[in-house]
Amino acid sequence: MTWKEHGELFQRYKKNPILTVEDWPYQAHSVFNPAAVIVDGQTLLLVRVEDHRGFSHFTVARSNNGIDGWEIDSEPTFSPDPVNHPEEIYGIEDPRITYIDEMGKWAVAYTAFSDSGPLPALAFTEDFRKFDRVGPSMPPENKDAAVFPVRFNGMWAMLHRPVSGMQGAKANIWISFSPDMKYWGGHEVLLYAREGGWWDAHKIGLSPQPIRTPDGWLIMYHGVRHTTSKASYRLGLALLNLEDPRKVLHRSEGWVFGPREMYERSGDVNDVVFPCGWVLVNDEIRIYYGSADTSVSMASAKVSDILEYIHECPEIQCPEEYCRSFEENRGLSNDPKKGDIKLK
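Now for a quick tour of the structure. (Residues numbered from 1 in each chain as written. Predicted model: local features only at pLDDT ≥ 70, side-chain atom pairs only at ≥ 80, totals over all residues. Heavy atoms only, no water.)

Things to note about a nonpolar patch on the surface
The condition that has to hold: Residues with no salt bridge and a relative accessible area higher than 30% make up the patches, which join like charges within 9 Å and nonpolar side chains (Val, Leu, Ile, Met, Phe, Trp, Tyr) within 5 Å. For every accessible area listed, the method is Shrake-Rupley and the probe measures 1.4 Å; residues are considered covered only by the protein chains on display. Salt bridges are defined by distance alone: a side-chain nitrogen of Lys or Arg within 4 Å of a carboxyl oxygen of Asp or Glu. Put simply, DSSP H or I for four residues or longer makes a helix, DSSP E for two residues or longer makes a strand, and each gets a number counted from the N terminus. Relative accessibility decides the category of a residue: with a 1.4 Å probe and only protein chains considered, values under 20% of the type maximum give buried, values over 50% give exposed, and everything between is partly exposed.
On the surface, Ile89, Tyr90 and Phe113 cluster together into a nonpolar patch covering about 230 Å² of accessible area. With respect to the element layout, Tyr90 can be found in the loop between strand 5 (71–72) and strand 6 (92–100). With a relative accessible area of 32%, Tyr90 lands in the partly exposed category.

Encoded structure:
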């Protein structure tokens, strides 16, 4: 049965969830929202672990097949350091990992939970044992950050999602640039949250790190659908230009994955599928996601199916009949007048 016949692009692993707090070698409340990479042929997850205070840290879990047989570090791998980094006073959350070939290091973008709210922070590691913090990348309130693995016209790029306290303001995905991964500028909106009854209206955010394909940078993002009784987190896709990631080539209209099973619908936060990592294994992409903010699950899709799907998606972000002023207010995302990437 093809994905079109099945009606869902990503297929769940039948024995989900693959990791729960019962698997943990030390006391914890919940495990969820893992980053994911392949290291020396193993799947490595950097799992968010919440303790009984309500604060989070990261712990590494490794598996030869990326499904079972997980070897979990016996103690937290990367813990908050509020003495030297007061922005981490209430913990660290939701990592995304990118390998930077130019540096020979892994960049870990994560959310530091400060006294002023959440904000993106960055650290580097060569072995997932020692982590060198860069510190905050953006001020609060902001989260869901990840960096691209290459420079664009000499500049590094980061995706992130600021949130305004203004009533009625939308939470959009932004892109920013840096010459050194410490000081960021050139900020602009990349993906707008839609309006009205859309599944991704009003609030969206990046999910895993950008992944390079022959056709462009593939990104997965979450949309938050509010109803009178709950909020549901669902997932969509977008394809960005390889040379200029500010240019959106295609974007999902409908969601490609959403909460359906009981382990996704009932937990600390109901109706949530939230991946912070994905990996390429042979001809498929596997997403590792937090299910209901309680456990870790996995789903996969063939690369060929994903690319077929995204190329069938619109080249504009929102159909004119639904969002009359949407594209007019922001300019088309593939506008050739944007020019070279540079700090403003």
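Comments concerning the side chain of Asp271
Applicable threshold: Between N or O atoms, a polar contact is any pair within 3.5 Å; within protein, one atom must be a potential hydrogen donor and the other a potential acceptor, and residues adjacent in sequence are included only when both atoms are from side chains. In what follows, a contact means two residues having at least one pair of non-hydrogen atoms within 4.5 Å.
Among the secondary structure elements, Asp271 is positioned in the loop between helix 2 (262–265) and strand 19 (273–281). There is a polar contact of 2.7 Å between the side chain of Asp271 and the side chain of Ser232. Apart from the residues lying within four places of it in its own chain, the contact partners of Asp271 are Lys230, Ala231, Ser232, Tyr233, Pro259, Glu264 and Arg265.

Quick word on the packing of aromatic side chains
Rules: To pair, rings of Phe, Tyr and Trp, with the six-membered ring standing in for Trp, must have centres within 6.5 Å; the planes then decide the type, stacked if under 30 degrees apart, edge-to-face if over 60, and tilted in the middle. Charges are assigned to positions over rings by a cutoff of 6 Å between ring centre and Lys NZ or Arg CZ, combined with an angular limit of 35 degrees from the ring normal.
In the structure shown here, the tally under the stated rule is 16 aromatic pairs. Ring plane angle 25° and centroid distance 5.5 Å describe the contact between Trp199 and Tyr221, whose orientation is recorded as stacked. With a gap of 22 residues between them, Trp199 in the loop between strand 13 (185–191) and strand 14 (204–206) and Tyr221 in strand 16 (residues 216–226) connect regions that are remote in the sequence. Taken individually, Trp199 and Tyr221 each receive the classification buried, so the pair is uniform in this respect. With 5.3 Å between their ring centres and 70° between their planes, Phe257 and Tyr289 make a pair best called edge-to-face. With a gap of 32 residues between them, Phe257 in the loop between strand 18 (248–251) and helix 2 and Tyr289 in strand 20 (residues 284–291) connect regions that are remote in the sequence. The same class applies to Phe257 as to Tyr289, namely buried. The rings of Phe58, Phe78, Tyr99, Trp106, Tyr110, Phe128 and Phe131 are connected pair by pair, giving a single aromatic cluster. One Lys or Arg, Arg194, reaches over the ring of Trp198 and ends 4.4 Å from the middle of that ring. Between the NZ or CZ atom of Arg234 and the centre of the ring of Trp255, over which it lies, the distance is 4.0 Å.

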